[in-house]
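Structural overview
Given next are the chains, with one letter for each unit.
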Amino acid sequence: MRNRIFPLRDRGLAGCVTIGLLMPGCAFAAADNDVQPDSAQTAAPAPQPAPTLKSPYQTEADGQGPRTGPNYMMLRGGEDWRFLGNPKVKRDWASPLKFMPLTEDGNVSLTLNGDQRSSVSLSTRPLLSDTTDRIEVLSRTTIGADLRVGRAFRVYGELASGQIFGKNENRHIPIQKNDLIVQQLFAELRAPVGSGVARVTVGRQEFFDGPRFIVSPRENPNIRVSMNGARLSMDWRRFRFTAFHFEPTEQGTGLLDDGIGNGETLSGVYSSFLVAGGSPRSKSAVYVDPFYYHFEDDDRALGRLSGKDRRETYGARVWGHLGPVAFDWTALKQDGRFGVRPVDAWGVSTNQSIALGKGATAPRLGLHADYASGGGTFDTAGKVGAFDFLYNATIIYSDDNYLGAINMLGIAPTLHVPVTKKLQLIGEAGFYWRPDQSDAVYRGNSQAYAGTQNVAGRHVANIARLRANWTLNPHVSLSGIANYVDAGKVLTRAGYGDNLFVQTMMTLRF
């Protein structure tokens, strides 16, 4: 049952809100970023909160998502800035907003955060079929607040606004155009349990706990995926698990017209074992993560299939780093039913690299290889072999949503060159085929390239990618992206062609 809330659609007000949210981001870019220690001439000692109930598990594997800096995270709701209560730590211009004590002892505090991401992109053949160039300007603004009471309880809220402009741009669907949405609003309670920490999180939240082949909030669009429900986590030093039940947010395009529940549900259990390394002096850490996800979509369309899609996804992830070698391997099996037909699908994702030297600026040579089964979506009977990639990171194969993990086999050598500590270059050459010639080729949104199920051939495309990331300081980062799609026989026989996609992006944060 879909449930809409706050159906406000005043466009004038939406424009004012968007401009108001953008203004602070401009100020952040212009502000001085020199880090300064606290002044020694302080009349009274600064309030210091009680010790935090931090997860004892390894930070890189704690299920809170990737880090974007020493204290910043992609999912801003996972940050904890209460260390600023220590007067000896260094600060910068944003520190007064990161730890705002509301009581004399500092045990009640408020943290504010914000992001402004702006990008401009060009596609020479949008959707690999449109011969008119596409120029898009995307803007995403988020503002968040974290209220902490003692060391065990907090409430986090986040608003987001996304806008799209340009020439021949994409349809203004909710993931790109959304005047104002409650992106997150949850309460969290922590408690010590023996040598571990238990955590219960209830409400609307972003979720990034698992292999990105099937679980991600999807950073690429303007509005990320958020989930409504509850999550119970338990962390020890060498083992953790989390159990959850979620309904994704039904996104709107107007002002606070988002709802709870879009006809999908995601629940399951994810666990992680630290099986080797992990000590402060160790250069290695190896994790084994068994998991189970239950997914339902009440009304899904895929190829010629339509109806309720229920997937039981079982699998394990083995990942980590051993000295100069980093690796991330995931194997998945899917059962269930699509309508009245049984599901029999599977997938494998591997990513590995090796440092070609010592130190943080050593280049890394890598390879990622991925397989997702296909078949059955254009048949009238039998098993459905098409893999369902749930909420995976759509940038695995490209930066413009060209390919999705259905009926897909891909191999992509990679090269990561840290030119300096602030400037990174990443190159990739991907080669992609379809395992089942009777099934179509699918985009990153699960939509089939029309007609590809009717042509012969296996070679889908070659995709060359280049990315430059320049982190000026913790608050300002720039990136440039170029993707070239060389359409293979399957796509060209169905009427599709090559495409060049280039994009520049600036992100401001505090």
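Residues numbered from 1 in each chain as written. Predicted model: local features only at pLDDT ≥ 70, side-chain atom pairs only at ≥ 80, totals over all residues. Heavy atoms only, no water.

The sheet contact formed by strand 20 (residues 459-473) and strand 21 (residues 476-487) spans 12 bridges and is antiparallel. Each bridged residue has a counterpart across the sheet, and for Arg 465 the counterpart in strand 21 is Asn 483. Hairpin connection from strand 20 to strand 21: 2 residues lie between these consecutive antiparallel strands. In this sheet, strand 22 (residues 499-509) lies alongside strand 21 in antiparallel orientation, the contact comprising 10 bridges. The partner of Ala 482 across the bridge, within strand 22, is Val 502. (Pairing = 2+ DSSP bridges. Helix = DSSP H or I, 4+ residues; strand = E, 2+ residues; numbered from the N terminus.)

Turning our eyes to something else, we now look at the nonpolar core. Within the largest apolar cluster, 53 residues are counted, with the highest numbers of intra-cluster contacts made by Phe 213, Ile 214, Tyr 293 and Leu 403. Contributions of two or more residues to this core are made by strand 9 (239-250), strand 11 (264-277), strand 12 (284-302), strand 14 (325-338), strand 18 (408-418), strand 20, strand 21 and helix 3 (489-493). Examining the composition of this core, we find that 4 residues originate from one element, strand 12, more than from any other. (Core = buried A, V, L, I, M, F, W, Y, C linked by side-chain atoms within 4.5 Å. Buried < 20%, exposed > 50% of the residue type's maximum accessible area, 1.4 Å probe, protein only.)

A few words on unusual backbone geometry. Positive phi values are uncommon outside glycine, yet Leu 390 reaches one of about 55 degrees. Mapped onto the elements of the fold, Leu 390 is located in the loop between strand 17 (364-372) and strand 18. The exposure class assigned to Leu 390 is buried, which follows from its relative accessible area of 8%. Its identity as a non-glycine residue notwithstanding, Asn 407 has a phi of 50 degrees, on the positive side. Of the residues examined, Asn 407 reaches a relative accessible area of 0% and is grouped as buried.

Okay, the pairing of strand 6 (residues 178-193) next. The pairing of strand 5 (residues 153-167) with strand 6 spans 9 bridges and is classified as antiparallel. Counterpart to Gly 157 in the pairing with strand 6 is Leu 185. With 9 bridges connecting them, strand 6 and strand 7 (residues 196-205) associate as antiparallel partners. From the neighbouring strand, Val 193 faces strand 7, where its bridge partner is Gly 196.

Topologically, Thr 394 is positioned in the loop between strand 17 and strand 18. Here Thr 394 is in contact with Arg 218, Asn 220, Asn 401 and Gly 444, once residues within four sequence places are set aside. (Contact = heavy atoms within 4.5 Å.)

Here we take up the packing of aromatic side chains. Under the counting rule described, the total for this entry stands at 22 aromatic pairs. Note on Tyr 270 and Phe 291: the rings are 5.8 Å apart at their centroids and 10 degrees apart in plane angle, and the pair reads as stacked. Of this pair, Tyr 270 sits in strand 11 while Phe 291 sits in strand 12, and the two are 21 residues apart along the sequence. Taken as a pair, Tyr 270 and Phe 291 share a single burial class, namely buried. Each residue in the set Phe 207, Phe 244, Phe 246, Tyr 270, Phe 291 and Tyr 293 is aromatic and connected to the rest through ring pairs, giving one cluster. (Phe/Tyr/Trp six-rings, centres within 6.5 Å; stacked < 30°, edge-to-face > 60°.)

Right, let's get into the side chain of Arg 300. With respect to the helices and strands, the residue Arg 300 is situated in strand 12. Exposure remark for Arg 300: the relative accessible area of 8% places this residue in the buried category. Within the structure, Arg 300 has its side chain in polar contact with the side chain of Asp 309 (distance 2.6 Å). Contact partners of Arg 300, with chain neighbours within four places excluded, come to Leu 305, Ser 306, Gly 307, Asp 309, Arg 311, Phe 338, Asp 388, Ile 406 and Ser 446. (Polar contact = N/O pair within 3.5 Å; in protein donor to acceptor, adjacent residues only side chain to side chain.)

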